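Observations on the three-dimensional arrangement
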Amino acid sequence: MTPHHLPFFLAKSGETDVLMVVMGIFLIVVLLVVGNLYWRLHSLPERLAHKSQKLQFEVVGVLACCRCSHTFICSGSQDCCSL
């Protein structure tokens, strides 16, 4: 038996831990929202360049490729060097 003076957020024996379930759902939702914001921000230059001239779109594409290769080189990954 569980004493009656324990806080409400502590689960009694044999019951579901509601706080853990709520925090798990909250963390999943936050992860999805932050991931969505990250990908929107990451693709912003390409979306802006797509609305303008073709030359600017191509320059942004080349810069994006350079950014990706720089990330692979700086991370110390040996797999990208074999490509």
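Located above this text is the structure these notes cover.
To start, this report covers the structure provided alongside it. Note that the structure is a prediction, hence the values are computed from the model and not measured.

What counts as what
Residues numbered from 1 in each chain as written. Predicted model: local features only at pLDDT ≥ 70, side-chain atom pairs only at ≥ 80, totals over all residues. Heavy atoms only, no water. Helix = DSSP H or I, 4+ residues; strand = E, 2+ residues; numbered from the N terminus. Buried < 20%, exposed > 50% of the residue type's maximum accessible area, 1.4 Å probe, protein only. Phe/Tyr/Trp six-rings, centres within 6.5 Å; stacked < 30°, edge-to-face > 60°. Patch = residues over 30% accessible without salt bridge, like charges linked within 9 Å, V, L, I, M, F, W, Y side chains within 5 Å. Areas by Shrake-Rupley, 256 points an atom, 1.4 Å probe, with all protein chains shown as cover. Salt bridge = Lys/Arg side-chain N within 4 Å of Asp/Glu carboxyl O. Contact = heavy atoms within 4.5 Å.

What follows concerns the overall build of the protein. When you go through the protein residue by residue, the secondary structure sums to three helices and zero strands. If you list the helices and strands of the protein from N to C, you get α-α-α. Scored against the burial criterion, the 83 residues of the protein give a buried share of 5%.

Glancing now at the packing of aromatic side chains. Scanning all chains against the criterion turns up one aromatic pair. With centroids separated by 5.3 Å and ring planes inclined at 70 degrees, the aromatic side chains of Tyr-38 and Trp-39 adopt a geometry described as edge-to-face. On the accessibility criterion, Tyr-38 (47% relative accessible area) is partly exposed. Judged by its relative accessible area of 55%, Trp-39 is exposed.

All right, on to a nonpolar patch on the surface then. Taken together, the side chains of Leu-6, Phe-8, Phe-9, Leu-10, Leu-19, Met-23, Phe-26, Leu-27, Val-30 and Val-34 make up a nonpolar region of the molecular surface, amounting to roughly 990 Å² of accessible area. Relative to the elements of secondary structure, Leu-19 occurs in helix α1 (residues 18–42).

Okay, the environment of Phe-9 next. Note that Phe-9 resides in the segment before α1. In this structure Phe-9 comes out as partly exposed when scored by relative accessible area, which is 42%. Put simply, Phe-9 and Met-20 are 11 residues apart on the chain and 9.3 Å apart in space, counted from C-alpha to C-alpha. In this structure, Phe-9 is in contact with Asp-17 and Leu-19, ignoring residues within four places of it in sequence.

With respect to the element layout, Val-59 can be found in helix α3 (residues 54–74). Exposure remark for Val-59: the relative accessible area of 44% places this residue in the partly exposed category. Separated by 13 residues in sequence, Val-59 and Glu-46 have C-alpha atoms that sit 9.7 Å apart.

Just geometry here; none of it tells us what the structure is for.
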